[in-house]
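# Structural characterization, general
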Amino acid sequence: MRRHVGVAGGGAAGLTAAITAARLGARVTILERNDRPGKKILATGNGKCNLGNQKLAVSEYYTSGDPGFVAECLERFGTKQTIRFFEELGLGVKDKNGYLYPACEQASAVLDVLRYEAAALGVRLITECRVRRIEADRGSGKILVWGDDDRYSFDSLVLACGGRAAPKTGSDGNGFFLAGQLGHSMVPVVPALVQLRCREDFFKSVAGVRAEAVVRLLTQLGEFSERGELQLTDYGISGIPVFQLSRTVNYILQGQKEVEVSIDFLPWYTKEEFGSLCTARRQRLGNRTAEEFFTGLVHKKLILLLLRLAGLKAGESVDEADPEKIERFYRLCRDFRVHVTGSNSFDSAQVCAGGIPLCEITESMESRKAPGIYLAGEILDVDGKCGGYNLQWAWCSGFLAGQGAAGGGS
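An account of the accompanying structure is given in this report. (Residues numbered from 1 in each chain as written. Predicted model: local features only at pLDDT ≥ 70, side-chain atom pairs only at ≥ 80, totals over all residues. Heavy atoms only, no water.)

### Some remarks on the overall build of the protein
How we decide: Put simply, DSSP marks the helices as runs of H or I at least four residues long and the strands as runs of E at least two long, and each gets a number from the N terminus on. Using a 1.4 Å probe on the protein chains alone, a residue whose accessible area is under 20% of its type maximum counts as buried, one over 50% counts as exposed, and one in between counts as partly exposed. Accessible areas in this description were obtained via Shrake-Rupley with a 1.4 Å probe; residue shielding takes into account the shown protein chains only.
Within the protein, the secondary structure is distributed over 12 helices and 21 strands. With the C-alpha coordinates of the protein rotated into their principal frame, the extents come out at 90 × 45 × 35 Å. The burial tally for the protein puts 57% of its 410 residues in the buried class. Looking at the protein as shown, the accessible area adds up to about 17900 Å², and 46% of this sits on carbon and sulfur atoms.

Given below as structure tokens:
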């Protein structure tokens with residue numbers, strides 16, 4: 001008799017687990033709550049699906065558990081294995097400055113090749129089936145799973161229901177509820193890779209501005225910084241550097257009302273270079289109005305805001321302006337302080353931080369609380385930075401869980 005493996009969740013981790021288990025000879029059934037699998041895959045990488053990264057290192061991941069566990073998993077299924085896995089499915093994979101994408105740059109192609117392979121292997125897909133309850137039958141050794149209308153019996157089960165990010169794609173936190181039924185604890189879950197909301201009331205005047213910047217969190221725990229394209233919105237800050245810091249901000253905000261952030265809009269200048277620039281501008285352009293004088297230094301909308309915050313009038317002559325106010329404008333360019341009071345919700349988050357602690361699973365991703373049940377993907381307390389790292393964790397943990405569930409060893 002072939003081993004019957006159930007997979008709760010037909011996302012990136014779930015489909016990978018299903019394919020892996022089926023390749024090892026298992027009979028596989030996917031229980032997917034949506035009307036079709038892989039909805040979240042379609043939204044990744046702005047529809048292009050950044051499916052991995054050549055710079056794969058444990059330093060690109062966060063966990064409250066043992067980073068060594070994550071490193072060991074990635075050694076077993078890393079970038080090379082991801083490329084080979086998808087090329088075997090027929091997907092061309094290309095490298096764009098270290099970021100891996102399907103050659104056609106269509107996320108739909110990634111989902112399609114996963115679906116086609118699963119179907120070719122005989123994987124049964126049951127859609128619109130929300131898992132309500134899981135129970136280990138000690139008498140038969142089976143894993144019993146209750147859906148909306150039916151009960152299913154499996155030899156092993158992969159729990160890959162996702163976290164709480166982007167709930168419209170199916171990740172509504174149900175996996176955490178099910179894991180809790182099995183006796184698992186949970187590291188508090190917060191939105192990650194998400195926009196941040198600020199206290200200041202001037203953001204509408206600069207909404208839409210994009211600029212390369214360094215964003216620094218100023219906290220009692222130390223300074224955290226990221227560099228990249230910053231986006232100003234009508235409620236706060238967004239863009240890659242903000243996304244990278246958002247999970248840290250959200251955890252800090254659990255213990256305090258706000259977090260101070262410093263933004264450097266001119267990060268390519270050293271302190272000395274910037275000082276020389278300021279002196280040279282004053283010598284050449286001192287007879288201009290304040291608005292004219294600062295044009296070309298930062299975005300036009302930002303100039304008008306910084307003039308107001310520095311106490312300068314757009315039409316006043318720089319030669320006649322208070323030197324301290326000119327200096328204040330320059331300081332604002334390099335150290336613009338805002339106060340973050342929260343983030344956008346899980347609806348806007350790309351992933352969530354937190355989840356089932358790594359100490360509660362084995363190296364084959366099997367639950368230490370409920371043997372025969374394997375956990376994969378975002379349900380675990382592992383989240384990565386932008387750049388394909390979260391999908392890499394989905395492929396990696398899905399492969400290891402599928403292998404374990406099929407009895408294929410570690």
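Right, picking up where we left off after that structure.
### So, unusual backbone geometry
With a phi close to 65°, C49 is a non-glycine residue in the positive phi region. Position of C49 among the secondary structure elements: in the loop between α2 (39–43) and β3 (52–53).

### Quick look at the pattern of salt bridges
Note the threshold: In what follows, salt bridge is the name for a side-chain nitrogen of Lys or Arg lying within 4 Å of a carboxyl oxygen of Asp or Glu.
Scanning all chains against the criterion turns up 26 salt bridges. We note a salt bridge from E105 to K48, for which the minimum N-O separation is 3.4 Å. A residue pair is termed long-range when its members are at least 10 positions apart, and E105 in the loop between β6 (99–102) and α5 (107–120) and K48 in the loop between α2 and β3 qualify at 57 residues. Look at K48 and you get partly exposed, because its relative accessible area is 35%. One salt bridge connects D172 with R130, and the closest N-O pair in it is separated by 2.7 Å. Taken together, the positions of D172 in the loop between β11 (156–159) and α6 (174–181) and R130 in the loop between β7 (124–126) and β8 (133–136) put the pair 42 residues apart, joining distant regions of the chain. Through salt bridges that share partners, K48, K94, K96 and E105 make up one connected network.

### Here we look at the sheet that holds β7
The criterion, for reference: Whether two strands pair depends on DSSP finding at least two bridges between them. To obtain each axis, a line is fitted to C-alpha atoms, and for helices this fit is confined to the stretch in contact; angles are then taken between N-to-C directions over 0 to 180 degrees.
The parallel open sheet is built from 5 strands, whose spatial order is β7-β2-β1-β11-β20. Pairing within the sheet leaves two strands with one partner each, and these edge strands are β7 and β20 (373–375). The mean inter-strand angle of the sheet, taken between neighbouring strand axes irrespective of direction, is 20°.

### So, the packing of helix α3 (residues 67–76) against helix α12 (residues 389–405)
Selection criterion: For classification, angles of less than 35 degrees are called roughly parallel, those exceeding 145 degrees roughly antiparallel, those between 65 and 115 degrees roughly perpendicular, and all remaining angles oblique. Contacts are assigned to residue pairs with any non-hydrogen atoms lying within 4.5 Å of each other. Think of it as three bins: nonpolar holds Ala, Val, Leu, Ile, Met, Phe, Trp, Tyr, Cys and Pro, charged holds Asp, Glu, Lys and Arg, and polar takes everything else, Gly as well.
Two elements in contact, α3 and α12, have axes whose closest approach is 9 Å; the angle formed by their N-to-C orientations is 80°. One way to sum up the angle between α3 and α12 is to call them roughly perpendicular. On α12, the residues touching V70, C73, L74 and R76 of α3 are Q392, W393, C396, L400 and Q403. Looking at the contact of α3 with α12, its residues break down into 6 nonpolar, 2 polar and 1 charged.

### Here's the deal with the nonpolar core
Defined as follows: Nonpolar core, defined: a set of buried Ala, Val, Leu, Ile, Met, Phe, Trp, Tyr and Cys residues in which side-chain atoms within 4.5 Å join the residues together.
F86, L114, I134 and V158 are the most contacted members of the largest nonpolar core, which totals 82 residues. A total of 10 residues in this core trace back to one element, the largest contributor, which is α12. Residues within four places of I134 in sequence aside, it is in contact with I143, L144, V145, L157, L159, L178, Q181, L182 and I373. Formed by 48 residues, the second largest nonpolar core is a distinct cluster that contains V242, L305, V318 and F329.

### What to know about the pairing of strand β10 (residues 151–154)
Side-chain alternation along β10 places Y152 and F154 on a buried face and R151 and S153 on a face that remains uncovered. Between strand β9 (residues 143–146) and β10, which pair antiparallel and follow one another directly, the connecting turn spans 4 residues.

### Brief notes about the pairing of β8
Regular strands have side chains that alternate between both faces of the sheet. Here β8 runs beside β9; their pairing, made up of 4 bridges, is antiparallel. Paired with I134 across the strands is V145, a residue of β9. Following β8, the chain reverses through 6 residues before pairing antiparallel with β9; G141 in that reversal takes a positive phi of roughly 75°.

### Let's talk about helix α10 (residues 300–310)
Of the residues making up α10, those classed as buried are L302, I303, L305, L306, L307 and A310. Note on α10: the residue one or two positions beyond its end, G311, has a positive phi of about 85°.

### Notes on helix α8 (residues 271–285)
What counts, and what does not: Here the expected span of a helix is defined as 1.5 Å times the quantity of residues minus one. Arc definition: directions from the helix axis to the C-beta atoms.
In this model, α8 (15 residues) spans 21 Å end to end at C-alpha, consistent with the 21 Å of a helix rising 1.5 Å per residue. Among all positions of α8, only F274, L277, C278, R281 and L285 are buried. Summarising the axial view, the buried residues of α8 lie within an arc of 100°, below the 170-degree limit, and thus occupy one face. Facing away from the buried surface of α8 by more than 90 degrees, the exposed residues are E272 and Q283. Buried residues in α8 make contact with α9 (290–294) and α11 (323–334).

### Some remarks on the side chain of S246
Applicable threshold: Side-chain atoms alone can form a polar contact between residues adjacent in sequence; in general such a contact is a pair of N or O atoms within 3.5 Å, and within protein one must be able to donate a hydrogen while the other accepts it.
Tracing the backbone shows S246 in helix α7 (residues 240–252). Within polar-contact distance, the side chain of S246 engages the backbone oxygen of F243 at 2.8 Å. Not counting chain neighbours up to four residues away, the residues in contact with S246 comprise P191, A192, L193, V194 and L196.

### With respect to the packing of aromatic side chains
Given two aromatic rings, one states the distance between the centres and the angle between the planes to describe the pair. This is how the line gets drawn: Two rings from Phe, Tyr or Trp (for Trp, the six-membered ring) form a pair when their centres are within 6.5 Å of each other. A pair whose planes differ by under 30 degrees is stacked, one over 60 is edge-to-face, and the rest are tilted.
According to the stated counting rule, one finds 15 aromatic pairs in the structure shown. Taking 5.0 Å as the distance between ring centres and 35° as the angle between the ring planes, the aromatic pair formed by F202 and F203 counts as tilted. Each member of the pair, F202 together with F203, is buried. Ring plane angle 85° and centroid distance 5.6 Å describe the contact between F274 and Y330, whose orientation is recorded as edge-to-face.

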